[in-house]
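# Descriptive structure summary
Residues per chain are reported as follows:
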Amino acid sequence: AQKVTQAQTEISVVEKEDVTLDCVYETRDTTYYLFWYKQPPSGELVFLIRRNSFDEQNEISGRYSWNFQKSTSSFNFTITASQVVDSAVYFCALSPGANSKLTFGKGITLSVRP
Amino acid sequence: GAVVSQHPSRVICKSGTSVKIECRSLDFQATTMFWYRQFPKQSLMLMATSNEGSKATYEQGVEKDKFLINHASLTLSTLTVTSAHPEDSSFYICSARRTSGSSYNEQFFGPGTRLTVL
């Protein structure tokens, strides 16, 4: 069985602060994919990143960075210099290697105050 | 990029009626589409996997006779909520898995359909 845990439920920061969203996963598969999605108030899911289990390199994309550590089964997401437009619900998700069926975490509501 | 549309975006219906939601992959073919349900302030839960030309695979606890899924072509899957009741009110999101091209096997999400049953 697969499981994704996002222990933080709501985070509130002031603009320009850095914020890290935690994600811990469980799977018995040796090959799997991890994802982060952003869901703004409009509801549409916005794809942020996909990482496969064989690639543990950290990734940076602008103000966003991701830290994948298989040893702790974590895939954390950091937003640097947060902006009001970053306010949204962020979901971490997991899928098996040979199948795109996604298991989502419960999501983290991020509020960035001006 | 790959685009998935859903229609309608919002629907309000009376209890007991049936509602059909369409999910279309606009610029790619998808032999597999997925239907998720999201209750307010909750996560997305997979309801079923829709396979073109065959029966859908439902997740445990999802009533297949209530949530009818049809995937008649490589670009269209439909979800019909039959005899809808207020507890079926939710945000329904589909996704389509691309089966060719540079984003092979990647899943693309539709914008969602908000169903309100009165």
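Residues numbered from 1 in each chain as written. Chains lettered and ligands numbered in written order. Predicted model: local features only at pLDDT ≥ 70, side-chain atom pairs only at ≥ 80, totals over all residues. Heavy atoms only, no water.

This brings us to the pattern of salt bridges. Overall, the coordinates contain six salt bridges over all chains when judged by the stated rule. Its salt-bridge partner being Lys66 of chain B, residue Asp88 of chain B comes within 2.9 Å of it at the nearest N-O pair. With a gap of 22 residues between them, Asp88 of chain B in the loop between strand E8 (76–81) and strand E9 (90–97) and Lys66 of chain B in the loop between strand E6 (57–58) and strand E7 (67–73) connect regions that are remote in the sequence. Grouping residues by exposure puts Asp88 of chain B and Lys66 of chain B together as buried. By sharing partners, the salt bridges in this structure join Arg51, Asp55 and Glu59 of chain A into a single network. (Salt bridge = Lys/Arg side-chain N within 4 Å of Asp/Glu carboxyl O. Helix = DSSP H or I, 4+ residues; strand = E, 2+ residues; numbered from the N terminus. Buried < 20%, exposed > 50% of the residue type's maximum accessible area, 1.4 Å probe, protein only.)

Another aspect to go through is the environment of Gly62 of chain A. Residue and element names in this part refer to chain A. Inspection of the secondary structure assignment puts Gly62 in the loop between strand E7 (59–61) and strand E8 (64–69). Given a relative accessible area of 71%, Gly62 falls into the exposed group. Along the primary structure Gly62 and Ile79 are separated by 17 residues, whereas in three dimensions their C-alpha atoms are 9.1 Å apart.

A few words on the packing of aromatic side chains. Under the defined criterion, the tally for this structure stands at 18 aromatic pairs over all chains. Judged by centre distance (5.6 Å) and plane angle (55°), the ring pair of Phe28 of chain B and Phe108 of chain B falls under tilted. Placement of the pair is Phe28 of chain B in the loop between strand E3 (19–25) and strand E4 (32–38) and Phe108 of chain B in strand E10 (residues 107–109), with a sequence separation of 80 residues. For the pair Phe28 of chain B and Phe108 of chain B, a shared accessibility class is recorded, and that class is buried. By the ring-pair criterion, three or more aromatic residues cluster together here, those being Phe35, Tyr37, Phe47, Phe91 and Phe104 of chain A together with Tyr36 and Phe109 of chain B. Geometry around Phe67 of chain B places Lys66 of chain B over its ring, the cationic atom sitting 6.0 Å from the centre. (Phe/Tyr/Trp six-rings, centres within 6.5 Å; stacked < 30°, edge-to-face > 60°. Lys NZ or Arg CZ within 6 Å of the ring centre and 35° of its normal.)

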